[in-house]
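# Coordinate inspection notes
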Amino acid sequence: MSSAARLACRSPLLSSVARPSIPQSIRATRAAPALLAAARSPAVRSFNFIPQAPKPSKSGDWRTMAEEDITRYLKQSHDRVFENNRAWAEEKKAKDPEFFAKLAAGQTPEYLWIGCSDSRIPAEQITGLEPGEAFIHRNIANLVCNVDLNVMSVINYAVRHLQVKHIVVCGHYGCGGVKAAMTAKDLGLLNPWLRNIRDVYRLHEDELDAIADEAARYDRLVELNVMEQCRNVIKTAAVQKSFAQNHFPIVHGWVFGFQDGRLKDLNIDFESMLKSIQKIYNLTE
Ligand SMILES: [Zn+2]
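Residues numbered from 1 in each chain as written. Predicted model: local features only at pLDDT ≥ 70, side-chain atom pairs only at ≥ 80, totals over all residues.

An unreviewed UniProt entry lists the protein chain under the name Carbonic anhydrase, from Thyridium curvatum. We quote the UniProt Catalytic activity (unreviewed entry) comment for the protein chain here in full: "hydrogencarbonate + H(+) = CO2 + H2O". The protein chain has a UniProt comment under Function (unreviewed entry) that states "Reversible hydration of carbon dioxide." (UniProt positions renumbered as here; feature names shortened; annotations may be inferred.)

Written as structure tokens, this is what we have:
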């Protein structure tokens, strides 16, 4: 049994908070009539049939496009977001007239999601979470750097004020940031950022160098990077103090795969990771 599951069994609070409210498959089934009704509405019909301007396949194609085609493409790619937004807002309101009033009342998300900025891994869509359920931070290669005021502020606010129950660091196979860090090249401004991943490689050099297949080594570095960032989350005072007082949040390491769209749980043993880092990084006093 994972540490998260053990905790969920032991703590009455966590046994209620850690349990998923409704499995996605059931939720989808329950929502089916509403979705079908919404699909018949004019708003959603327009959502599906917004005309798309031709999109250049490569960045170089811009040079050969007529100026009016570029202007038309920019206008349409801008306008379609507002069309989509209008359709989404109408669909939400049709399904639940109080939806936006509830959102305006405040947020009590159970999850803090720290993911990669990569456009192919939209946190809410791949997890079925609704607005209000996840506090989100994304950056290149899902890094948790001690001197990054942005991510540190997000963790601090999520733990101390929103009192999230789970913190997820989610990486993904095929991560461009991790790939770049495996490349011996001067990447300018990205150098100090990617240095964090090169440091992860150095920490696990023996294990990684023993993997002959480059693709497998790349996949393993993605996983090790997620685990190392989990460790960085646990090093924060906010997480250590909250866990000592409340028995949450629990930190999880997941990896998304493009092959099948599934999340892999790296089964971080949160409690033993916490104990091991506290020998040096204990900030609970
Ligand atoms: Zn990435």
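On we go.
Tracing the backbone shows C230 in helix α12 (residues 214–234). Judged by C-beta crowding, with 23 C-beta atoms within 10 Å, C230 ranks as buried. C230 sits 63 residues away from I167 along the chain, and the two C-alpha atoms are 8.7 Å apart. Not counting the four nearest positions on each side in its chain, C230 is found in contact with V169, V251, G253, I268 and M273. (Helix = DSSP H or I, 4+ residues; strand = E, 2+ residues; numbered from the N terminus. Buried ≥ 20, exposed ≤ 12 C-beta atoms within 10 Å, placed from the backbone. Contact = placed C-beta atoms within 7 Å.)

Take the packing of α12 against helix α14 (residues 270–281) next. Closest axis-to-axis distance for the α12/α14 pair is 10 Å, and the angle between their directions is 65 degrees. Remark: the crossing between α12 and α14 carries right-handed chirality. On α14, the residues touching C230, R231 and I234 of α12 are M273, L274 and I277. (Axes fitted to C-alpha atoms, helices over the stretch in contact; angles between N-to-C directions. Left-handed = near helix turned anticlockwise from the far one by under 90°.)

Okay, the nonpolar core next. One finds L112, W113, V168, V169, V233 and V251 to be the most contacted residues of the largest nonpolar core, which totals 45 residues. With 7 residues, the top contributor of residues to this core is α12. In this view, V169 contacts I114, N142, V144, V226, Q229, C230, V233 and G253; residues no more than four positions away in its chain are not counted. (Core = buried A, V, L, I, M, F, W, Y, C linked by C-beta atoms within 7 Å.)

With that settled, consider the UniProt feature "binding site: Zn(2+)" (unreviewed entry) in the protein chain. As recorded in UniProt, the feature "binding site: Zn(2+)" (unreviewed entry) lies at C116, D118, H172 and C175. Despite a sequence span of 60 residues, these residues sit close together in the fold, their greatest C-alpha distance being 9.0 Å. Of note, D118 is situated in the loop between β1 (111–116) and α7 (123–127). We classify D118 as partly exposed; it has 18 C-beta atoms within 10 Å. In this structure, D118 is in contact with H172, C175 and G176, ignoring residues within four places of it in sequence. With respect to the helices, strands and loops of the structure, H172 is situated in strand β3 (residues 166–172). Ignoring any residue separated from it by four or fewer positions in sequence, one finds H172 in contact with C116, D118, I121, V222, V255 and F256.

With that settled, consider the environment of F100. By secondary structure assignment, the location of F100 is in helix α6 (residues 99–104). Expressed as a C-alpha distance, the spacing of F100 and P131, which sit 31 residues apart in the sequence, is 9.9 Å.

Geometrically, the link from F248 to P249 is a cis peptide bond, its omega value of 5 degrees lying close to zero. For P249, the position within the fold is in the loop between α13 (237–246) and β4 (250–256). The residue N142 is not glycine, and still its phi comes out positive at about 45 degrees. By the C-beta count within 10 Å, which is 30 here, N142 ends up buried. Phi angles above zero are rare outside glycine, and Q163 is one such case at about 55 degrees. With respect to the helices and strands, Q163 occurs in the loop between α8 (149–161) and β3.

Time to look at the sheet that holds β3. Read across the open sheet, the 5 strands follow the order β2-β1-β3-β4-β5; overall the sheet is mixed. The open sheet terminates on both sides in strands that have one partner only, identified here as β2 (134–139) and β5 (263–265). Looking at each pair of strands side by side, their axes are set apart by 25 degrees on average, direction ignored. Pairing of β1 with β3 involves 5 bridges; the strand directions are parallel. By the bridge assignment for β3, I114 is matched with V169. Running over the sheet, α8 touches β1 and β2 and is turned about 170 degrees from β2. (Pairing = 2+ DSSP bridges.)

What follows concerns the pairing of β1. In terms of burial, β1 is a largely internal element, 6 of the 6 residues being buried. Pairing analysis gives 6 bridges linking β1 to β2, with the strands arranged parallel. Across the sheet, residue W113 finds its bridge partner in β2, namely I136.

On to the pairing of β4, then. Residues in a regular strand project their side chains so that they alternate between the two faces of the sheet. With 7 of 7 residues buried, β4 lies mostly within the body of the structure. On β4, burial covers both faces: I250, H252, W254 and F256 on one face and V251, G253 and V255 on the other are all buried. Both β3 and β4 contribute to a ladder of 7 bridges, which runs parallel. In the strand pairing of β4, H166 is matched with I250. Bridge analysis of β4 against β5 gives 3 bridges, and the strand direction is antiparallel. Considered in β5, the bridge of V255 is made with K264. Linking two consecutive strands that pair antiparallel, namely β4 and β5, is a turn of 6 residues; a positive phi of about 75 degrees is found at G261 within it.

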